[in-house]
Amino acid sequence: MTAETWLRKKAGAWAARTTSRDAGEVFLGQRRVYIVPTGAGVGFAALLLVLLIGSINYSLGLGFALTFTAGACALVDMISTWRNLAHLHLAAGRAPSVFAGEEAQFELLLVNRTGRERYAIGVEFDGSGTAAHMADVPARGTARVTLAMPTERRGWLRSPRVRLSTRFPLGLFRAWCYWQPELKALVYPAPEAVAPPLPTSGAGRGEGPGRSGEDDFAGVRSYQAGDPLRRLAWRQIARLDQELGGQLATKHFEGGAAEQLVIDFALLAPQLDLELRLSRMARWVLDAEQRALPYAFHLGAEQFDAALGAAHQAACLRALALFGGAR
C-alpha cells in the first residue's frame, strides 16, 4: 500500500465519522482540503535525493543549483495544487425526478469568488469507480457539474458523498476534499411496459370530464390548452399571420359518449404485486396525459379530481413514488 493510498483511506474514514450532510453552501477552508504526493511526486523526490548526494560527493556547484531549483519548483507546485481547490464554495443544484431504472441527475455548483482561475478539478461520487468529471472554474464565476447515478426503486434517492480532487499544475501532488450535499431526487415507479387499456367508463351523452365524441363536426374555435394536436384546423391556421396577432384554431365536435377516466388503486386486482399495481397506475397517468384525457386519481388518502397538465401529472406520480412510506 502506497503512502498516498494509506492517507486517502485515513482521510476518508475521518470524513465519514465527522462530516454530516452539508446544508446550504459549503466553504472549502484549509481544514477540509487534504494533499499528498502522487507516485510521480515520490519519484521526483527520490531523483532530487540522488542529485543532492551526487552534488555533495563531487562538489558540483551546478548540481546544487539544479537540485535546489527543482526542489523549489516542487514546493511551488504543492502550494499551487492546494490553492487550486481551497477557498472554493460548493452548492447543491437541481435533481429532477426520474422513473426507476433511469439515471438520476444531480447538479453540483462550484463557485469561485476569488480572482484566480481554477483548472482541472475532478468531481465524482466517492467510491463510484467511474471517471471523474473535469471542470474549470473561471475567476469570479461558477461551474456546473452533473453527476449521474442509476436508480433501482421508487422513493427518495439521496446524493452519495462527493469527492473533489486536482493535480494541477504539475501532477506531483494530489489535493482532494469530501462533500456531502443535501440533495435528493424523487424516483417514480417504472411505468408498466404493456398495460391494459385505460379504465374509462361511459357516462351518457353530453359534456363530461372525458373527451367528447367526434361524430359531428360543429365548427372551429380558438385553441385551448390541452387540445390534441390532431384537432388543429390547419387550413384556418395557414390563412392567419401569427405575427399580426392571429390565434391558433381547433376543430370542435359534438355528439358521442363522454368518458369518465378514474385511475383508482382500490379497483386493481389485490392479488397483483404492489409494485406492479403502482407501475400500472404510472403507465395510465402517462397515457392519459399523452392522449389529453382529463383523469381523476385515487390512491389511499391521496384523492385528486379530474384534471390535466404537468402539475396534475407530477402530483399523481409523486403520490405513487411515496406510497407506503417509501423513503
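Residues numbered from 1 in each chain as written. Predicted model: local features only at pLDDT ≥ 70, side-chain atom pairs only at ≥ 80, totals over all residues. Heavy atoms only, no water.

## A few points about the sheet that holds strand β4 (residues 98–99)
Thinking step 1. As summarised here, the arrangement of the three strands in space is β4-β12-β9, forming an open sheet in which the pairing is mixed. Only two strands of the sheet have a single partner each, and these edge strands are β4 and β9 (155–158).
Thinking step 2. Inspection of the sheet shows β4 paired to strand β12 (residues 184–188) by two bridges, in the parallel sense. What sits directly across from Phe99, in β12, is Tyr188.
Thinking step 3. Across the sheet, helix α6 (residues 310–321) lies against β4, β9 and β12, angled at about 90° from β12, the strand it touches most. (Pairing = 2+ DSSP bridges. Helix = DSSP H or I, 4+ residues; strand = E, 2+ residues; numbered from the N terminus. Contact = heavy atoms within 4.5 Å. Axes fitted to C-alpha atoms, helices over the stretch in contact; angles between N-to-C directions.)

## Some details on the packing of helix α2 (residues 39–58) against helix α3 (residues 61–85)
A pair of packed helices can be characterised by two numbers: the angle between their axes and the separation between those axes.
Thinking step 1. Packing of α2 against α3 leaves a shortest axis separation of 8 Å and a crossing angle of 155°. In this view, α2 runs roughly antiparallel relative to α3, as classed from their interaxial angle. Considering only the axes of α2 and α3, their crossing is left-handed. Contact residues: α2 offers Phe44, Leu48, Leu51, Leu52, Ser55 and Ile56, while α3 offers Gly63, Phe64, Leu66, Thr67, Phe68, Ala70, Gly71 and Ala74.
Thinking step 2. Tallied by class, the residues present in the contact of α2 with α3 amount to ten nonpolar, four polar and no charged. (Parallel < 35°, antiparallel > 145°, perpendicular 65-115°, else oblique. Left-handed = near helix turned anticlockwise from the far one by under 90°. Nonpolar A, V, L, I, M, F, W, Y, C, P; charged D, E, K, R; others polar.)

## Some points on the environment of Tyr34
Thinking step 1. Along the polypeptide, Tyr34 turns up in strand β2 (residues 34–37).
Thinking step 2. Sequence separation between Tyr34 and Leu85 is 51 residues, and the spatial gap between their C-alpha atoms is 9.7 Å.

## Remarks on the sheet that holds strand β6 (residues 118–125)
Thinking step 1. Read across the open sheet, the five strands follow the order β2-β11-β10-β6-β7; overall the sheet is antiparallel. Edge positions in the sheet fall to β2 and β7 (133–137), since each of these pairs with one other strand and no more. Between one strand and the next, the sheet's axes are offset by a mean angle of 30°, whatever the strand orientation.
Thinking step 2. One ladder, built from five bridges, connects strand β10 (residues 162–166) with strand β11 (residues 173–179); its direction is antiparallel. Its bridge partner being in β11, Ser165 is matched across the sheet by Trp176.
Thinking step 3. Contacts from α3 reach β2, β6, β10 and β11 within the one sheet, and its direction differs from that of β11 by about 20°.

## Comments concerning the confidence of the model for the protein chain
Thinking step 1. Looking at the protein chain as a whole, the pLDDT averages 85, with 76% of positions reaching at least 70.
Thinking step 2. Throughout residues 202–214 the model reports pLDDT below 50, and contacts reaching past four residues in sequence, or to other chains, amount to 32 contacts. (pLDDT = per-residue confidence, 0-100.)

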